[in-house]
Structures are given as C-alpha cells and as structure tokens.
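Listed below, chain by chain, are the residues.
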Amino acid sequence: MKTLSVNGVRVATVDRGGGLPILLVHGFPLDHTMWDAQVEVLSGRFRVIAPDLRGFGQSGVAAGTVTMDQFADDLAALVDALGMHERVVLCGLSMGGYIAFAFCRKYAARLRGLVLCDTRATADTPEAAAGRWETAQRVLREGTAPLADTMLPKLLAPATLAKRPAIVAALRKMILASDPRGIAAALRGMAERPDSTPLLTEIACPTLVLAGQEDALSPVDEMQALARQIPSAQFVTISGAGHLPPLEQPAETTAAIEGFLRL
Ligand code: MLT
C-alpha cells in the first residue's frame, strides 16, 4: 500500500502493475480488499489503483458529511498525486458507482471507460435518506457490530451466506474494522446524493454494467434498465452472486472486467 496526502486527508492505496490505469472503487462500508482477487489478476496487464476511500480501511477519517462529489474529488486528486496523466477506467461498486457518477459529472474528460457494478442511478427517497441519518447516529452510538448484522444478509446471495463462511467472515471483519465516523459521514453523503438518471444518456465513454444475479440491493432488472439508458453500455450478469460479485464470484467478475478492458 502507498499512502498519499489527498485533499488534506491521508489516503492509502494499492498501486500495482502497468499499462492502462484502472481505478477500483469499493462499496459501503467496505475497503479496497473487496477487490483483492481482481487486483491480483488485472495487475498482470494493467495499472491497478485500489484506494481505501476517506473514512474507510487504512485511510484517514473526515467526520461530518462526505459527499459523493468529495469522494470523486479525492479520486481525481489521487490520480494526480500518483503522477498519472492518461485517462483512467473507473470501476465502482454500489457506493463506488454513486461516486463514479459524480466523477463523470465533474471529470468526464479524464475517463477512458466506466464499469458500474451493482449500483443505482436514482437518489434516495426521503424515507431512505432519513433512514441513513438514523443509521449514522446509531453507528456513532453503538459501533459497527449492529450494522454488520443488518447488512451482511443483504450484501450476499443466500448460498454465499449459507455455504461460504470464509467470505462471510472476511466481509464481517471488513465492516467491523470501519471507523464509525467514516461510516456516518458516508451515510450522510449518500443521503444527499443527487439523482444521476439524467446523466445516463450523456455518458459517452465505453461502459460495462455488471450485476450479481441475486443482488437484493440493486436488483438485476434495475441494473438492466440503467444499462439500457447508457448509449454504449454492455450488460453482464454474474450468476451465484448477490451485491458483491467481486468477492462472491471473483473469477467470473474479473473475466468480465478483463474482457471489457480490451477497449
Ligand atoms: C454499497 O454497497 O455501497 C451500499 O449498499 C450502497 C448503499 O447503501 O446505497
């Protein structure tokens, strides 16, 4: 891991391999290790950057609210700090996808391609946003254990939950290790993210939309509808996966991303 100062915060990142740069952006409330299997393979042919977003993993924490725009600014500054001048392929999962939309709005010229995994373009409903504020307060009060308990069943496909204890344990460990202040800040930021639906028809770079067949949080129909609105999007589903195909079906997910990267 490298550690760089980015927009006043310490950001830890994997930077491995060479060639076309691909930026892997993790979901909530996780860290870069959700991409370990992809880093391993893709770094053989590409330059893979997999940061811990501010507030997560080994990066520094900024309390308050961290908006999707702030995360996108951090990614742009990280790319600069790494001395990369070429356009990047941004691959974001779930919250990483919300950040990808913000990056598209602000830094479209810096994008070579987009991979949107298990995410959604719509904003939160008022009820969902209020729920996030409540969860933020609860995590600050009670820590990360209750969040791990409520989120795990939603993140993984039923068969992963029942039969693959190593994945469940790794995911639980990732959530428990997150800093409550970082979690609360990202929750508030997600609550105020704008609707990105109007952006979809404007996305001009090659795009892959990837969906776990059994995703309970970003259902496959919704992902397909999202893909249909992006002019040059390919759509793939990963069977035997819920919300986290990179962890649940690493080989299939990596192969889909690798196929797309032959842009
Ligand atoms: C994620 O995986 O990043 C979350 O499910 C996003 C969200 O809470 O909307």
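For the structure itself, look to the data block above.
Residues numbered from 1 in each chain as written. Predicted model: local features only at pLDDT ≥ 70, side-chain atom pairs only at ≥ 80, totals over all residues. Heavy atoms only, no water.

Draft legend 1. The arrangement of the overall build of the protein in detail. Regarding its fold elements, the protein presents twelve helices and eight strands. Taking 2.2 N^0.38 as the reference for a compact globule, 263 residues should give roughly 18 Å; the C-alpha atoms of the protein span a radius of gyration of 17 Å, in line with that estimate. The dimensions of the protein, computed from C-alpha atoms along their principal axes, are 45 × 40 × 35 Å. Buried residues in the protein amount to 56% of all 263 residues. (Helix = DSSP H or I, 4+ residues; strand = E, 2+ residues; numbered from the N terminus. Rg over C-alpha atoms; globule rule 2.2 N^0.38 Å. Buried < 20%, exposed > 50% of the residue type's maximum accessible area, 1.4 Å probe, protein only.)

Draft legend 2. Inspection of the nonpolar core at higher detail. One finds Phe 28, Met 95 and Leu 171 to be the most contacted residues of the largest nonpolar core, which totals 90 residues. Every residue in contact with Phe 28, bar those within four places of it in the chain, is listed here: Phe 56, Met 95, Leu 147, Met 151, Ile 183, Ala 186, Leu 187 and Met 190. (Core = buried A, V, L, I, M, F, W, Y, C linked by side-chain atoms within 4.5 Å. Contact = heavy atoms within 4.5 Å.)

Draft legend 3. A look at the side chain of Thr 253. Secondary-structure assignment places Thr 253 in helix α12 (residues 250-261). For Thr 253, a relative accessible area of 0% puts it in the buried group. Residues contacting Thr 253, with those up to four places away along its chain left out, are Gln 38, Leu 210, Ile 238, Pro 245 and Pro 246.

Draft legend 4. Highlighting the site of the ligand. The local shell around the ligand consists of Gly 27, Phe 28, Ser 94, Met 95, Tyr 98, Arg 132, Met 190, Leu 217 and His 243. Take Ser 94: an N or O atom from its side chain is 2.9 Å from an oxygen atom of the ligand. Met 95 places a main-chain nitrogen or oxygen 2.8 Å from an oxygen atom of the ligand. When the free accessible area of the ligand is taken as 270 Å², the share hidden by the protein chains comes to 92%. In the shell around the ligand, the residues fall into five nonpolar, three polar and one charged. (Near = heavy atom within 4 Å. Polar contact = N/O pair within 3.5 Å; in protein donor to acceptor, adjacent residues only side chain to side chain. Areas by Shrake-Rupley, 256 points an atom, 1.4 Å probe, with all protein chains shown as cover. Nonpolar A, V, L, I, M, F, W, Y, C, P; charged D, E, K, R; others polar.)

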